[in-house]
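Observations on the model geometry
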Amino acid sequence: MGGVEFHSLALTDLDMRPHSACPACEGEKARPYSRSEYDGRSLVHHLCPDCGLVYMNPYPAQDWYDRLYGGEFWEGKARDQRRAL
């Protein structure tokens, strides 16, 4: 499978923000649902039993996503699209 190749950006504790309640319905009874890995870090997804939303908690702050999807990501995507032509 093709795709954009780019270097992963470290995800540290300083990049993470906790949810105090479900971001959709503000329910407070969410429980761990699944885990995924990013750069050796375990990311926990929670399930809200009130509305059914699955969300990451804690989650990366927006400025981390801005750095991850900065110029290097989009430059790589543009290169891949040019190669496909």
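Below you will find a few notes about this structure. Remember, it's a predicted structure, so these values are computed and weren't measured experimentally.

Further remarks concern the pattern of salt bridges. Summed over the entire model, instances satisfying the criterion amount to four salt bridges. With its nearest N and O atoms 2.7 Å apart, the salt bridge here joins Arg-41 to Asp-13. A residue pair is termed long-range when its members are at least 10 positions apart, and Arg-41 in strand E3 (residues 41-47) and Asp-13 in the segment before strand E1 (16-17) qualify at 28 residues. In this structure Asp-13 comes out as exposed when scored by relative accessible area, which is 59%. Taken together, the salt bridges that share partners define one network made up of Asp-15, Asp-63 and Arg-67.

It is worth spelling out the pairing of strand E2 (residues 31-38) at this point. Where E2 and E3 come together, seven bridges link them in antiparallel fashion. Bridge assignment links Ser-34 to a residue of E3, and that residue is His-45. The loop that links E2 with its antiparallel partner E3 comprises two residues; one of these, Asp-39, has a positive phi angle of about 50 degrees.

For the rest of this paragraph, the subject is the pairing of E3. Counting buried residues along E3, five of its seven residues qualify, which places the element largely inside the surrounding structure. Here E3 runs beside strand E4 (residues 54-56); their pairing, made up of three bridges, is antiparallel. Its bridge partner lying in E4, Leu-47 is registered against Val-54. As consecutive antiparallel partners, E3 and E4 are separated by six residues, and within that stretch Gly-52 has a phi angle of approximately 90 degrees, a positive value.

Cut-offs applied
Residues numbered from 1 in each chain as written. Predicted model: local features only at pLDDT ≥ 70, side-chain atom pairs only at ≥ 80, totals over all residues. Heavy atoms only, no water. Salt bridge = Lys/Arg side-chain N within 4 Å of Asp/Glu carboxyl O. Helix = DSSP H or I, 4+ residues; strand = E, 2+ residues; numbered from the N terminus. Buried < 20%, exposed > 50% of the residue type's maximum accessible area, 1.4 Å probe, protein only. Pairing = 2+ DSSP bridges.

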